[in-house]
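Notes for the structure review
Here is what each chain is made of, one letter per residue.
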Amino acid sequence: GLRLENTEVSVDERSAGLSTDSDYSVVLPSAHVKWDLTDTDRVLASVAGTIRRPSFTFINPAVLEETLGDNDFVGDTNLKPEKSYGFDLGYEKRIGKTGIAGINFFYRDVKDLLEVYNTGELTEAYLDDFDDAVEEAIDDGDTPPTLEEYMDDESPLFLYSARNTGDGQ
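In this report, we go over the structure that sits alongside the text.

1. As for the overall build of the protein
Tallying secondary structure elements over the protein gives three helices and nine strands in all. Ordered by position in the sequence, the α and β elements of the protein form the string β-β-β-α-β-β-β-β-β-α-α-β. In terms of overall dimensions, the protein is more spread out than a globule: its C-alpha atoms have a radius of gyration of 25 Å, far above the 15 Å expected for 169 residues. Projected onto its principal axes, the C-alpha positions of the protein cover 85 × 40 × 25 Å. When the 169 residues of the protein are sorted by exposure, 25% land in the buried category. Of the contacts formed within the protein by residues at least 6 apart in sequence, a portion of 60% connects residues at least 24 apart.

This is how it looks when you write it as structure tokens:
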């Protein structure tokens, strides 16, 4: 078989002041073969292309607070779809009337892998809490903590995002 998928995406995020449009087309071939060697032995083979589009969350440029536990998430409007081509080869042996034993080999070639990652940036809420801790220490006549000291006492909260991390097999 052969499938053509066309995708058009428009993101208009007024709160972030961003507007982007993208479109792409991908041709996805596929072929599947089942070959009965005997009444109890079978070989199966398959080759296919697939696509995984970024989710709306992944392309939404607005900061979504406390999306990953207490951590925040912000999408990237420039993400590409993840594309892969795969090959599968298998052998099956029928055992009696109800059993099957088999062995399979598969290989995938992935391009533009999509992944959630930690940007290393602290969340606004965490930095606000740090500012409050500094003000409280000053009001109490104590030495205010440094950000590093505060992070030792209060688990840091980070901003996460999504990215295309490269290719893989």
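Moving on from the model shown.
2. Considerations on the pairing of strand β7 (residues 99-111)
Relative to β7, strand β6 (residues 82-95) runs antiparallel, the two sharing 13 bridges. Of the residues in β7, the one forming a bridge with Ser 84 is Val 110. The turn joining β6 and β7, which pair antiparallel and follow one another in sequence, is formed by three residues; a positive phi near 65° is taken by Gly 96.

3. Examining the sheet that holds β7
Taking strand neighbours across the sheet as the criterion, the five strands line up as β1-β2-β3-β6-β7 in an open arrangement whose pairing is antiparallel. With one partner strand each, in any of the chains shown, β1 (2-13) and β7 form the two edges of the open sheet. Neighbour to neighbour, the strand axes of the sheet diverge by 15° on average, direction disregarded.

4. Brief notes about the nonpolar core
Ranked by size, the top nonpolar core spans seven residues in total: Val 11, Phe 58, Ile 59, Phe 73, Leu 79, Leu 114 and Ala 162. Discounting residues that sit within four places of it in the chain, Leu 79 has contacts with Pro 54, Phe 58, Ile 59, Leu 114, Ala 162, Arg 163 and Asn 164. Of all hydrophobic cores here, the second largest spans six residues; its members include Phe 130, Val 134, Tyr 150 and Phe 158.

5. Details of the pattern of salt bridges
When charged atoms on two side chains of opposite charge get close, those side chains can pair. One pass over the full model with this rule turns up twelve salt bridges. For the salt bridge of Glu 92 with Arg 42, the shortest nitrogen-to-oxygen distance reads 3.7 Å. Taken together, the residues Glu 92 in strand β6 and Arg 42 in strand β3 (residues 41-52) connect sequence positions 50 residues apart. Look at Glu 92 and you get partly exposed, because its relative accessible area is 24%. In this structure, Asp 109 engages Lys 111 in a salt bridge whose closest nitrogen and oxygen atoms are separated by 3.7 Å.

6. Considerations on a nonpolar patch on the surface
Judged by side-chain polarity, Val 33, Trp 35, Leu 37, Tyr 91 and Ile 103 come together as a nonpolar surface patch covering roughly 520 Å² of accessible area. Relative to the helices and strands, Val 33 resides in strand β2 (residues 18-36).

Rules of the game
- Residues numbered from 1 in each chain as written.
- Predicted model: local features only at pLDDT ≥ 70, side-chain atom pairs only at ≥ 80, totals over all residues.
- Heavy atoms only, no water.
- Helix = DSSP H or I, 4+ residues; strand = E, 2+ residues; numbered from the N terminus.
- Rg over C-alpha atoms; globule rule 2.2 N^0.38 Å.
- Buried < 20%, exposed > 50% of the residue type's maximum accessible area, 1.4 Å probe, protein only.
- Contact = heavy atoms within 4.5 Å.
- Pairing = 2+ DSSP bridges.
- Axes fitted to C-alpha atoms, helices over the stretch in contact; angles between N-to-C directions.
- Core = buried A, V, L, I, M, F, W, Y, C linked by side-chain atoms within 4.5 Å.
- Salt bridge = Lys/Arg side-chain N within 4 Å of Asp/Glu carboxyl O.
- Patch = residues over 30% accessible without salt bridge, like charges linked within 9 Å, V, L, I, M, F, W, Y side chains within 5 Å.
- Areas by Shrake-Rupley, 256 points an atom, 1.4 Å probe, with all protein chains shown as cover.

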